[in-house]
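# Residue-level structural notes
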Amino acid sequence: MKNKRKCKENRSVLVIGSYQDPVIKHFLEHVSQTKQARNRWVFLWEETFATTTHVNDVGWQIGEKVFIRHDQVCGVFNRLVAQNKAKKSTTEAYDNIVIFCNYLMDEVYPNVLNRPKYGMSNYSKLTQLASIQPKVLKIPFSRQCVNKKWDDQYHELMWIFKSASSVRSITTLLSEKDKKRYITEPVIFQEFLKGKNIRVHVIGTQCLAHYCISKKTDYRYAITSILRVKLPNFILQDCIEITKQLGLTFAGIDLIQTGLGWFILEANTAAGYSYFETNAREISQAITDYWEAV
């Protein structure tokens, strides 16, 4: 059922997710301001699933007046990544729509950023790192621990730790106090690398890189200066290839440039780029441009 429909005037690009998602808020603002006529942007809010938004084998019913057939869809910006967070309780009807929506994005719709099945690599960062084959970028020494205390056999190294899954956590430098804690859920530990923190957003074959300057280990939770930076082509090409290896079209890749070379920390399969959008509006533009080019 897969289709390579072009995004012509009579076709729709769906944006699926929560109206509380900062990324969608930025993207909606961008689309509203640019008023690009070629694509018809249709926002499907998960909060309205099974109330005012319904789906069947033919298409989507949005309210009483709007109906989008599946064969009218030429692309999807998938932000159905924190499903049901805004709802206090689930219903069978809501759950069925989410399941069917994921099927449509995985198997039916063309040009999806990103297909749900490929986003699963973000649920185990260690598995994700083991599955990629970078040509230039190096992978830091990484371990995963659970149901035990920290094993300090690698005492000569400094370590950071963070969530091993897609659940957001604060990347923290491992202290002597932390080493005594009992680990009750999967945690990933990586060797601490001192250098420049760089985020590369890959959209198709386009890359946008930002240098994040901060005194804290996790720049997202500190006073940080974000500067647009131009990276060597061999690094950008590696980022593009890694994105493809993971089955993705859109990824937020975290790098560190050190005196020992370039390292990849992880690839975010549902990049929360709103943090960077404050300083770089071109990310939303690059996403809209993607459907202009396919």
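Since the model is a prediction, treat every value here as computed from it, not as a measurement. (Residues numbered from 1 in each chain as written. Predicted model: local features only at pLDDT ≥ 70, side-chain atom pairs only at ≥ 80, totals over all residues. Heavy atoms only, no water.)

## What about the pairing of strand S10 (residues 159-163)?
In terms of residue burial, S10 counts as a mostly covered element, since 5 of its 5 residues are buried. Pairing of S10 with strand S11 (residues 172-173), which is carried by 2 bridges, proceeds in the antiparallel orientation. Residue Phe161 lies in a different strand from S11, and its bridge partner there is Thr172. (Buried < 20%, exposed > 50% of the residue type's maximum accessible area, 1.4 Å probe, protein only. Helix = DSSP H or I, 4+ residues; strand = E, 2+ residues; numbered from the N terminus. Pairing = 2+ DSSP bridges.)

## Structural notes on unusual backbone geometry
The step from Leu113 to Asn114 runs through a cis peptide bond, and the omega angle for that step is -15°. Phi is positive for Ala50, which is not a glycine, with a value near 75°. By relative accessible area, Ala50 is classed as partly exposed at 23%. For Asn147, which is not a glycine, the phi torsion comes out positive at approximately 55°. Secondary-structure assignment places Asn147 in the loop between strand S8 (142-145) and strand S9 (148-149).

## Details of helix H1 (residues 22-34)
Spanning 13 residues, H1 covers 18 Å between terminal C-alpha atoms, matching the ideal 18 Å at 1.5 Å per step. Looking at H1, one finds that the buried residues are Val23, Ile24, His26, Phe27, His30 and Val31. Down the axis of H1, the buried side of the element spans an arc of 160°, and every buried residue falls inside it. Facing away from the buried side of H1, by more than 90 degrees, are the exposed residues Lys25 and Gln33. (Expected span 1.5 Å × (residues − 1). Arc of directions from axis to C-beta.)

## Side note on the sheet that holds strand S5 (residues 66-69)
Strand order in the open sheet formed by 3 strands is S3-S4-S5, and the pairing between neighbours is antiparallel. If you trace the sheet from one side to the other, it starts and ends with strand S3 (53-55) and S5, each paired once. Mean inter-strand twist for the sheet, computed between neighbouring axes without regard to direction, equals 15°. Note that strand S4 (residues 59-62) and S5 share 4 bridges and pair antiparallel. In the strand pairing of S5, Trp60 is matched with Ile68. The sheet strands contacting helix H2 (residues 92-108) are S3 and S4, and the helix crosses S3 at an angle near 60°. (Axes fitted to C-alpha atoms, helices over the stretch in contact; angles between N-to-C directions. Contact = heavy atoms within 4.5 Å.)

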